[in-house]
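Structural characterization, general
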Amino acid sequence: MSEDEPEIILSELDDEELTLQMHDDLYDGMKEEIEEGTNILLGRGWEPYRVLTEALVGGMKIVGDDFRDGILFVPEVLLAANAMKSGMKILKPLLAETGAPRMGKMVIGTVKGDIHDIGKNLVSMMMEGAGFEVVDLGINNPVEDYLAALVKEDADILGMSALLTTTMPYMKVVIDTMVEQGIRDDYVILVGGAPLNEEFGKAIGADAYCRDAAVAVETAKEFMARKHNQMAAG
Ligand code: B1M
């Protein structure tokens, strides 16, 4: 900020102004301001999910568009991602606080060659908030890591994330290996990430493509309900 510009007091802004200011702050990678803004909105009674989607994800969308258009570069995007994560850190326990009964267990990770993890982390948070147990394998996962975790954790669901057109085909490698090993049908496989679509999900043999974290939760719930009904039917 230049010396001539008046200092912005976040707590003095109304909700709309604050949300827009947070988009700017996210864009500029201002971690502390994002934390402060997140806490202010929560203090004003905003639901954690609303803070997440309107203030944080909304801001990240602008970052993504400008990255695509060559206006922002990797170092700036990293700073923005870092600021986003600090806001998500505040929201995570609140989203998980629903006390919902255990719905099932999901192993999730970003595929080999891919280090994007914001979307995956969001999915993990929302799934936990909805009562799922989540084992997060992090980024850059080879097929062996997914398979070992599924068995070790006795999981119900495999979630895979990919943000690059060059890494999304790796999801098929994982699914094909599961087919070869005869374990494909033991798990519900959900995939997501910005470059994917429903057609791709079908083509690689996943159970469903999830457009966003909320859809991932709803889809996982549907599949778990089906599984429980099948078990009840004997
Ligand atoms: Co990257 N990057 N990036 N990047 N980056 C994209 C993906 C890109 C689209 C930007 C662009 O050009 N417009 C582009 C890919 C182009 C393509 O493949 N066609 C790109 C590129 C090119 C690259 C590099 C190659 C750049 C370079 O080095 N020259 C490099 C790749 C490194 C690698 O992975 N090997 C790179 C690096 C980076 C950073 C490290 C700087 C940083 C990542 C930081 C981090 O994640 N810790 C970064 C970022 C932040 C982005 C953008 C700007 C934002 C991604 C994001 O976090 N979105 C992105 C642009 C964009 O997507 N528009 C871009 C917010 C997030 C909430 O959304 O991840 O889509 P998203 O997740 C959603 C849904 O997709 C879904 O739910 C989430 C929540 O609603 N979902 C799932 C996601 N995973 C799911 C899994 C599920 C279910 C749903 O399982 C059940």
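Just so you know, these numbers come straight off a predicted model, no measurement behind them. (Residues numbered from 1 in each chain as written. Predicted model: local features only at pLDDT ≥ 70, side-chain atom pairs only at ≥ 80, totals over all residues. Heavy atoms only, no water.)

What the five strands build is an open sheet, ordered β2-β1-β3-β4-β5; its pairing is parallel. Looking at strand neighbours, the two that pair on one side only are β2 (133-136) and β5 (208-210), the edges of this open sheet. Adjacent strand axes in the sheet meet at a mean angle of 25° when their direction is disregarded. As defined by bridge partners, strand β1 (residues 105-110) adjoins β2 across four bridges and the pair is classed as parallel. Bridged to I108 within β2 is D136. (Pairing = 2+ DSSP bridges. Helix = DSSP H or I, 4+ residues; strand = E, 2+ residues; numbered from the N terminus. Axes fitted to C-alpha atoms, helices over the stretch in contact; angles between N-to-C directions.)

With that out of the way, let us pick up the site of the ligand. Taken together, 33 residues lie around the ligand, and R68, I115, H116, D117 and S161 are the ones closest in. At 2.7 Å, a side-chain N or O of D117 approaches a nitrogen atom of the ligand. The separation between an oxygen atom of the ligand and a polar main-chain atom of T165 is 2.9 Å. More than half of the atoms of the ligand fall within 2 Å of the grid points belonging to the largest pocket. The set of elements that each furnish at least two residues to the shell around the ligand consists of α3 (48-68), α4 (74-95), α5 (118-129), β3 (157-161) and β4 (188-192). Per-element tally for the shell around the ligand: the top contributor is α4, with five residues. Here the residues of the shell around the ligand sort into 18 nonpolar, nine polar and six charged. (Near = heavy atom within 4 Å. Polar contact = N/O pair within 3.5 Å; in protein donor to acceptor, adjacent residues only side chain to side chain. 1 Å grid on protein atoms, 1.4 Å probe; cavity = no way out; pocket = protein on both sides within 12 Å on 5 of 7 lines; lining within 4 Å. Sits in = over half its atoms within 2 Å of the grid points. Nonpolar A, V, L, I, M, F, W, Y, C, P; charged D, E, K, R; others polar.)

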